[in-house]
Amino acid sequence: MSSSFHQKSLDLLSEQLGSKGIHINSLISKIATFQIAVPSWALGAGGTRFGRFSIGGEPRNLEEKLEDIGLLAKLTKRTDAVSLHIPWDIPQDVQAIRQKAADLQISFDAMNSNTFQDYGQPLSYKMGSLSNADPAIRKQAVEHNLQVIEIGKSLGSKGLTVWLADGSNFPGQAHIRKALQWTTESLKEIYASLPADWKLLLEYKPYEPNFYHTVIPDWGTSALICRQLGDRAKVLVDLGHHLPNTNIEQIVATLMHQNLLAGFHFNDSKYGDDDLSTGSVKPYQLFLIFCELIGGAEENAQTWESISWMIDASHNTKDPLEDLIQALEAISQAYAKALLVDRKKLALCQNEGDVVGAQEVLQDAFLTDVRTLVCEARIQSGGEADPLAFYRKEKIRAKLIAQRGKGAQASGL
Ligand code: AOS
Ligand code: ZN
Ligand code: ZN
Ligand code: ZN
């Protein structure tokens, strides 16, 4: 879009929204300040158990992962943090990594522990980690999490994300109550070592890799455990971790109502933990989630500052950097649209039982084209007007392939 066309669109939108009493300047500054962290494992081509197709030029080490996020930050101005995964991202030289991140103006978001794989540790996690029937394996898994906290402290992170694959594949395999009890006890030990200014983000997931029972399958179980840990333990919502048609916006509202929402792993899903690009399948759902987030904050249920925002997607057929640009854009758009909701009118409709009116309020906001606003916010922050077009024009992937090679990838990618 030419800059004069952009300005014309912005003027038109300003007039259109102005007639509804909405001032675009405050919208633009809200959109501009909203930042979403990128996980270190999203920078390479993903894959399934049937295969993985390398895109080439993928980061070969932690430094190069930071460089990719630095590039995304520069182009989009929508991300300023990385979420690391241990053991995939153990820094060899902490000072050098801190310096590199500082140079790229990137901070360290929540740290992710890994007790879902074997990577040379003495005892196997095949039969579970924090829920394992063997106390020695539980101890090893707890200690791994404590090590992750230590690494995170050295980098300036303020959170530990725990996602557990623990569960069972067949009826009878596990003692369901004991597995939950052991998990809770193990998490209590981890929580006891959590620094005072840290939070623990407890993720849930209904199935996969276990297909009969998962120890923390849903937000309710995660919330029950968090309640037993303390108020710095909260529930992490990964959008793909729900059975089809679950009302995720209701989960978000309920968690905020209890001050129990830790944050998000943004992605999209058609069937399960598909890890598709955020906003690519259900943009209306994403918008409704943001409506609850804005409402919950405005009505003092929970502050946005207490919530962590991150992408958790996998890119099987796309260039990961292009996909992340799309995802950051989709999240900003959903947020911008939710900011347009006439909340006073919506409350009135709700109180009067005006079902049609309430739907009109939401759809009026959702159907507004906010792309010009999101673009303007990015331009004002010093980013590219059209990051995707810039990325392609500059042939950035080809440059990365020339620099890093065709098949290169770091562990965990
Ligand atoms: C797994 O399904 C979860 O979404 C995790 O949050 C995450 O993808 C994992 O920790 C990265 O390997
Ligand atoms: Zn996740
Ligand atoms: Zn997942
Ligand atoms: Zn996922």
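In the nomenclature of an unreviewed UniProt entry, the protein is known as L-rhamnose isomerase / sugar isomerase of Algoriphagus alkaliphilus.

Moving on to the overall build of the protein. Within the protein one finds 15 helices and 11 strands. Here the C-alpha atoms of the protein give a radius of gyration of 22 Å, agreeing with the 22 Å that 2.2 N^0.38 yields for 413 residues. Principal-axis analysis of the C-alpha atoms places the extent of the protein at approximately 65 × 60 × 40 Å. Looking at the protein as a whole, 43% of its 413 residues are labelled buried. Counted over contacts in the protein with a minimum sequence separation of 6, partners at least 24 positions apart contribute 78%.

Chain-level statistics for the protein give a pLDDT mean of 96 and a share of 98% at 70 or above. Averaged over each element, pLDDT in the protein is lowest for helix α1 (residues 3-18) (95) and highest for strand β7 (residues 199-203) (99). This complex was scored by the predictor with a pTM of 0.97 and an ipTM of 0.95.

Two elements in contact, helix α9 (residues 283-298) and helix α10 (residues 320-339), have axes separated by 8 Å at closest approach and are oriented at 55 degrees. Taken together, the axes of α9 and α10 lie oblique to each other. Pair α9 / α10 crosses with right-handed handedness. Counted together, Pro-283, Leu-286, Phe-287, Phe-290, Cys-291 and Ile-294 of α9 and Ala-330, Ala-334, Tyr-335, Lys-337, Ala-338 and Leu-339 of α10 form the full contact between these two elements.

Right, let's get into the environment of Trp-219. Among the structural elements, Trp-219 can be located in helix α7 (residues 219-229). The class for Trp-219 is buried, based on 25 C-beta atoms found within 10 Å.

Before going further, it helps to examine the sheet that holds strand β1 (residues 38-39). If you trace the three strands from one edge of the open sheet to the other, you get β1-β2-β3, paired in parallel fashion. Pairing within the sheet leaves two strands with one partner each, and these edge strands are β1 and β3 (107-108). Sheet analysis places β1 next to strand β2 (residues 81-83), joined by two bridges and oriented parallel. Its bridge partner lying in β2, Val-38 is registered against Val-82.

Bringing the site of ligand 1 into the picture now. Taken together, Trp-41, His-85, Asn-112, Trp-163, Glu-203, Lys-205, Asp-238, His-265, Asp-273 and Asp-312 are the residues near ligand 1. The class makeup of the residues in the shell around ligand 1 is two nonpolar, three polar and five charged.

Next up on the list: the nonpolar core. In globular proteins that are soluble, nonpolar side chains generally tend to be buried together. The biggest cluster of nonpolar side chains holds 101 residues, and the ones touching the most others in it are Leu-202, Val-235 and Leu-373. With 12 residues, the top contributor of residues to this core is α10. Leu-202 has contacts with Val-162, Ile-216, Ser-222, Ile-225, Cys-226, Ala-233, Val-235, Leu-236 and Ala-262, leaving out every residue within four places of it along the chain.

On to the UniProt feature "domain: Xylose isomerase-like TIM barrel" (unreviewed entry) in the protein. Sites flagged by UniProt as "domain: Xylose isomerase-like TIM barrel" (unreviewed entry) map to residues 91-275. Between the C-alpha atoms that bound residues 91-275 there is a distance of 27 Å. The span itself is 37% helix and 16% strand.

A few words on helix α12 (residues 355-366). Look at α12: 17 Å from first C-alpha to last across 12 residues, which is about the 16 Å you get at 1.5 Å a residue. Of all the residues in α12, the buried ones are Val-361, Leu-362 and Ala-365. Take α12 and look down its axis: the buried residues cluster within an arc of 90 degrees, on one side only. What points out from α12, more than 90 degrees from its buried face, is the exposed set Val-355, Val-356, Gln-359 and Gln-363. Each element contacted by the buried residues of α12 is listed here: α9, α10 and α11 (343-352).

Conventions we followed
Residues numbered from 1 in each chain as written. Chains lettered and ligands numbered in written order. Predicted model: local features only at pLDDT ≥ 70, side-chain atom pairs only at ≥ 80, totals over all residues. Helix = DSSP H or I, 4+ residues; strand = E, 2+ residues; numbered from the N terminus. Rg over C-alpha atoms; globule rule 2.2 N^0.38 Å. Buried ≥ 20, exposed ≤ 12 C-beta atoms within 10 Å, placed from the backbone. Contact = placed C-beta atoms within 7 Å. pLDDT = per-residue confidence, 0-100. Axes fitted to C-alpha atoms, helices over the stretch in contact; angles between N-to-C directions. Parallel < 35°, antiparallel > 145°, perpendicular 65-115°, else oblique. Left-handed = near helix turned anticlockwise from the far one by under 90°. Pairing = 2+ DSSP bridges. Near = placed C-beta within 6 Å. Nonpolar A, V, L, I, M, F, W, Y, C, P; charged D, E, K, R; others polar. Core = buried A, V, L, I, M, F, W, Y, C linked by C-beta atoms within 7 Å. UniProt positions renumbered as here; feature names shortened; annotations may be inferred. Expected span 1.5 Å × (residues − 1). Arc of directions from axis to C-beta.

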